[in-house]
Amino acid sequence: MVQDVAAAAPLPVGAPPAADASLPIGLVRKTDGVYIDVGLPRPALVAAVNQVFRAGFHLTGLNYPLLIAALYGVGPDLGPAQAVRLCDDVRLFDPLRASLYKNPKMGRGYAEYYFEPLYLDEEVLPDGTVIPERQTRLDLDEFVAHMWCKGIQFGIDVAAVASAMAATKPDRITFATDLEPEPGQNATVVEVSSDLHRSDAPKARADGRIDLQSFQNRFPQIKANVRLLKKVPAVPGQPGFDLAGHLTAPEPPQDLTLRFYAGDGTEAQTLDDGEYLVSTREGFLSVDAKSNRISITDKIVSLEGVSGRTTGNLQLAGAYEEYGDVQEQRDVTGGDITVHGNVYGNIHSRGGVVVLDQNLVSGSVQNALGPISIAGVASNSVIHTSGGAITIGRAENCVISGSSVKIEEASNCEIVADEVLISVAEGCAVAARNVEIESAGPRRRTEMVIHVLVRDVTRFDEEIAELDARLADFAQTILAGEQEAARIAALPDVRRYLALAVKLRTQELTLTPEQGQFLRKIAAAVATEIQAIEQLKKEVQVAQTQQKLLQDRLARVIEQKVAAAGVARCGLHMVSGETTVRTMPFLADGVALTLLPPKEIKQRLRGTPNGGEMLFCDSAGSLDWHLDPRRRAPAD
């Protein structure tokens, strides 16, 4: 017969005082069972339960999961109540039954127990009654108390134990295991802006059609003061417990420093609702794959190259830097474009600088306003800038046009510019106002042709020729008048009269009245000749005045021609093969040769020359020619 704890064996004298003297503080007996005060600290509750079990009692009708939740905080929610029902009662652990329980087999993090059929020994009562040997079963509540005293104060699988106790066959089971610590959650970041996401969907055109060659939004543009990322703080893990009820601390979660994600144009800010990475300026999003730094830059930096798979055709509002290749038939439109890989497609820049660090092959580069630099080889391509310098390492079979062109090696190219500087040119057609070539010659069957562009000053030459003709007419008129006056003055009577008239004017001779009358007769005789001489002198003076005005006008027209013609020169340091140099007139107000389509540039430079002057045609030698605008055009 199992006796009540209070009547049979009160708790040791050293137990802490309680409202109910037979139970330690933390356990309270009520009419419907024993309650545990979950408002007390957990170590105090562990001590109370330990005191009960160590005193040789066990808890009947025990709610084991609730016990574990109250002592260690693992298990079901205990709710808001101060005390929860733990078991039916606290009773003495019968020593006869205690002998039924064996020691568990302990492992690392687990405990095993061998369950088998059990029998109670034959028993003789005081009155002589003999109770024969009989089969019995283990009790789950007694099992918990026994194992507690064996050091297993946590982790018993009561369902597995109950099943093993009810089984008819012996079995060894793992009835208790450690609770491994639950790892926490490392600190992380989450995106809080939809602007961070690319859209690789096909681009919709203004007319409603879909452009399958372009993506909708490959490179997002970010406004200033936009929250980009939010830090999610680390969440600590849940502790575990070993079989003895000792706490096992989890690994601490990893924290992160949000400012380490901040690149140029972004910064970490602590706001009311958390820590954010915020953009500090407007620009394009750039993420460093190695450091994970997020930057807002004035230009787009891409590492993937331009192709139908990665980016499609690009229409960009700002600068662009590409570390991959631009594949064939791909178009990149923007400003300040730099490509570190090879370019097989087309580059269109609205301005700024276009830099190709490697090669341009079967593609094109156009810059509306700014220089173009190609470090490697340009082959079978079109290079054009409306207002900038072009610098190329080596060019083959290209059409090149710009304000100035500098090439180390050029072969089979058509080149148009204001100024051209080439180290080695073979089989090229060059047209420029200032040409400087170190070595020039043909390449196989392709001739080397140089056109020195000179402004068409024909209208000035025509006016100069007209003025020269009019000046020659006036010179002839003046000479004829002077010769006729000299002839008349050489007549004897006229000569004598003129000589007397001179002496009278200089007062070398004084006439008597009779001599004066004689002189008047002579004057009357040569009056017609004297009048003719005076008329000729007047005509000569008028012609001389007109001549002076025409000479001044001629000088002004020549200066205007010099200003209009500007500077043109051609310097060939060494000619190695048949090379032709001639001038090519052009109208200053006409369509610039650099603005013509590539096909027309080829026709103009390779076609039959139209006008111009031959300056050089030889297979050896050198040339240093400068335009002399003051030189008169040869007469027809």
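Before reading further, recall that the structure is shown in the block above.
Keep in mind it's a predicted model, so treat the numbers as computed, not measured.

Turning to the overall build of the protein, a few remarks are in order. When helices and strands are counted, the protein shows eleven helices and 41 strands. The buried share of the protein, taken over its 636 residues, is 39%. Sequence separation of at least 24 residues holds for 50% of the intrachain contacts in the protein that already meet a minimum separation of 6. Total accessible area on the protein stands at roughly 34400 Å², and carbon and sulfur atoms take up 51% of it.

What follows concerns the environment of Tyr-35. Along the chain, Tyr-35 turns up in strand E2 (residues 33–37). For Tyr-35, a relative accessible area of 14% translates into the label buried. Along the sequence, Tyr-35 and Gln-82 sit 47 residues apart, while their C-alpha atoms lie 9.7 Å from each other. Those residues in contact with Tyr-35 that sit more than four places away from it in its chain are Gly-26, Leu-27, Val-28, Lys-30, Ala-83, Val-84, Arg-85 and Leu-86. Among the polar contacts made by the side chain of Tyr-35, one reaches the side chain of Asp-32 at a distance of 2.7 Å.

For the rest of this paragraph, the subject is the side chain of His-146. For His-146, the position within the fold is in helix H5 (residues 140–149). Ignoring anything within four residues of it in the chain, the contact list for His-146 reads Phe-93, Tyr-101 and Lys-102.

This paragraph deals with the nonpolar core. Ile-383, Ile-400 and Ile-415 are the most contacted members of the largest nonpolar core, which has 53 residues in total. Beyond its immediate chain neighbours, meaning those up to four positions away, Ile-400 contacts Ile-383, Ile-390, Ile-392, Ala-395, Val-405, Ile-407, Glu-414, Ile-415 and Val-416. With 49 residues, the next largest nonpolar core counts Tyr-72, Leu-86, Ala-176 and Phe-241 among its residues.

To continue, consider the sheet that holds strand E20 (residues 266–271). Whenever strands of a sheet pair, they do so through backbone hydrogen bonds, lying parallel or antiparallel. Pairing is antiparallel across the open sheet formed by four strands, whose spatial order is E13-E17-E21-E20. Each end of this open sheet is capped by a strand with a single partner; those strands are strand E13 (188–191) and E20. Mean inter-strand twist for the sheet, computed between neighbouring axes without regard to direction, equals 30°. Summarising the sheet, E20 and strand E21 (residues 274–279) pair through six bridges and their orientation is antiparallel. Within E21, the position partnered with Gln-269 by the bridge is Tyr-276.

Our focus in this paragraph is the sheet that holds strand E1 (residues 27–30). If you trace the three strands from one edge of the open sheet to the other, you get E1-E2-E4, paired in antiparallel fashion. The open sheet has two edge strands with one neighbour each: E1 and strand E4 (83–87). Pairwise comparison of adjacent strand axes, ignoring direction, gives a mean angle of 40° for this sheet. On the sheet, helix H3 (residues 64–72) packs against E2 and E4 and is oriented at approximately 135° with respect to E4.

On to the side chain of Glu-322, then. The topology assignment puts Glu-322 in strand E26 (residues 319–322). Setting aside anything within four residues of it in sequence, one finds Glu-322 in contact with Ser-302, Leu-303, Glu-304, Gly-305, Val-306, Thr-338, Val-339, His-340 and Gly-341.

Scanning the entire structure with this criterion turns up eleven aromatic pairs. For the pair Tyr-72 and Phe-154, a centre-to-centre distance of 5.3 Å together with 85° between the ring planes defines the contact as edge-to-face. Taken together, the positions of Tyr-72 in helix H3 and Phe-154 in the loop between H5 and helix H6 (158–166) put the pair 82 residues apart, joining distant regions of the chain. When sorted by exposure, Tyr-72 lands in the same class as Phe-154, which is buried. Taking 5.8 Å as the distance between ring centres and 75° as the angle between the ring planes, the aromatic pair formed by Phe-93 and Tyr-101 counts as edge-to-face. In this structure Phe-93 comes out as buried when scored by relative accessible area, which is 12%. Taking relative accessible area as the criterion, Tyr-101 reaches 6% and is therefore assigned buried. By the ring-pair criterion, three or more aromatic residues cluster together here, those being Phe-93, Tyr-101, Tyr-113, Phe-115, Phe-143 and Phe-175. The residue whose ring lies beneath Lys-30 is Tyr-35, and the NZ or CZ to ring-centre distance is 4.5 Å.

For the rest of this paragraph, the subject is the pairing of strand E36 (residues 399–411). As paired strands, strand E34 (residues 382–385) and E36 are joined by three bridges and run parallel to one another. The residue bridging Val-382 from the neighbouring strand is Val-399, located in E36. The pairing of strand E35 (residues 389–396) with E36 spans seven bridges and is parallel. Counted as the bridge partner of Arg-394 is Glu-409 from E36. Relative to strand E37 (residues 414–426), E36 is paired through eleven bridges, and the arrangement is parallel. The residue of E37 that forms the bridge with Ser-404 is Glu-419.

Rules behind the numbers
Residues numbered from 1 in each chain as written. Predicted model: local features only at pLDDT ≥ 70, side-chain atom pairs only at ≥ 80, totals over all residues. Heavy atoms only, no water. Helix = DSSP H or I, 4+ residues; strand = E, 2+ residues; numbered from the N terminus. Buried < 20%, exposed > 50% of the residue type's maximum accessible area, 1.4 Å probe, protein only. Contact = heavy atoms within 4.5 Å. Areas by Shrake-Rupley, 256 points an atom, 1.4 Å probe, with all protein chains shown as cover. Polar contact = N/O pair within 3.5 Å; in protein donor to acceptor, adjacent residues only side chain to side chain. Core = buried A, V, L, I, M, F, W, Y, C linked by side-chain atoms within 4.5 Å. Pairing = 2+ DSSP bridges. Axes fitted to C-alpha atoms, helices over the stretch in contact; angles between N-to-C directions. Phe/Tyr/Trp six-rings, centres within 6.5 Å; stacked < 30°, edge-to-face > 60°. Lys NZ or Arg CZ within 6 Å of the ring centre and 35° of its normal.

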